[in-house]
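# Close look at the chain arrangement
For reference, the chains in residue letters:
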Amino acid sequence: MTLAAEGGLARELMMPWGVDIDLAEGAMAQPDRVLTRRASAMAGYYRDAAALDALIRAGDPVHYEVFEKTVPEAYGHLLLCVSKLYPGKVGDEYFFTKGHYHTVSGTAETYLCLRGQGLMLMKTASGLCEAAPMCRGRLVYVPPHWAHRSVNTGGEPLISLCVYPADAGHNYGDIESEGFPQRIVESQGKAVICT
Ligand code: PA5
Ligand code: NI
């Protein structure tokens, strides 16, 4: 079905829908798409390349998964997904997601933490950085122009419900070259931020 929208644009009319999310477990029922990143997808991201290689050789475990509902990647839509980052370390660094800016840099994102413990690292191209604690029930607002990476400092999966404009896109390339100024490592049994 098409809809004559403002400005003469014809758009597909989507029917309303819902999805069940188990808030205690942090599980989305019947996602349309699951993105799986194994340790081998993280080459070049961790400081200790030998430790990452050892992890890959020891079975290349799943590092994180993203469970998504499909919507058109178009202005006006919201994309919602559940991000599940497993616990573990590469050397002394806690598991983290690749991290990205949005391709449409002026788009924000909300992360509602459903389970686990960790940090949301955020940085701007001009060098500002922030580390926001994540724990069950905490919502982190990632404003426009901030790259974001989640880090699991706990012993169970770090699970968040993420919502962002569906046309935002993911720019991984800039983080691959810039990295994040803060790394989260275990020192004497505790998570510490090192710069
Ligand atoms: O859109 C987001 O910010 C999240 O859904 C992430 O994509 C998810 O946490 C995985 O991280 P990354 O895309 O940095 O690999
Ligand atoms: Ni994002």
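Look up: the structure comes first, before these words.
The sections below set out a description of the structure shown in this document. (Residues numbered from 1 in each chain as written. Chains lettered and ligands numbered in written order. Predicted model: local features only at pLDDT ≥ 70, side-chain atom pairs only at ≥ 80, totals over all residues. Heavy atoms only, no water.)

## Considering the pattern of salt bridges
With the rule as written, the count across this model stands at nine salt bridges. Salt-bridge contacts for Glu 73 lead to Arg 33; the nearest nitrogen and oxygen are separated by 4.0 Å. With Glu 73 in the loop between strand E6 (62-68) and strand E7 (78-85) and Arg 33 in strand E5 (residues 33-38), the pair connects residues that are 40 residues apart, well separated along the chain. Given a relative accessible area of 58%, Glu 73 falls into the exposed group. Given a relative accessible area of 44%, Arg 33 falls into the partly exposed group. What you see here is one network of salt bridges that share partners, running through Glu 25, Arg 115 and Glu 156. (Salt bridge = Lys/Arg side-chain N within 4 Å of Asp/Glu carboxyl O. Helix = DSSP H or I, 4+ residues; strand = E, 2+ residues; numbered from the N terminus. Buried < 20%, exposed > 50% of the residue type's maximum accessible area, 1.4 Å probe, protein only.)

## A look at the nonpolar core
Core analysis: the largest hydrophobic core is formed by 37 residues, its most contacted members being Met 42, Tyr 46, Tyr 111, Met 120, Met 122, Met 134 and Val 140. Going through the elements one at a time, E6, E7, strand E11 (109-115), strand E12 (117-123), strand E13 (129-135), strand E14 (139-142), strand E15 (147-152) and strand E16 (158-165) are the ones with two or more residues in this core. Ignoring anything within four residues of it in the chain, the contact list for Met 120 reads Tyr 111, Glu 130, Ala 131, Ala 132, Met 134, Val 140, His 148, Arg 149 and Ser 150. In terms of nonpolar packing, the next biggest core, distinct from the first, is built from six residues, Phe 67, Val 82, Leu 114 and Ile 159 among them. (Core = buried A, V, L, I, M, F, W, Y, C linked by side-chain atoms within 4.5 Å. Contact = heavy atoms within 4.5 Å.)

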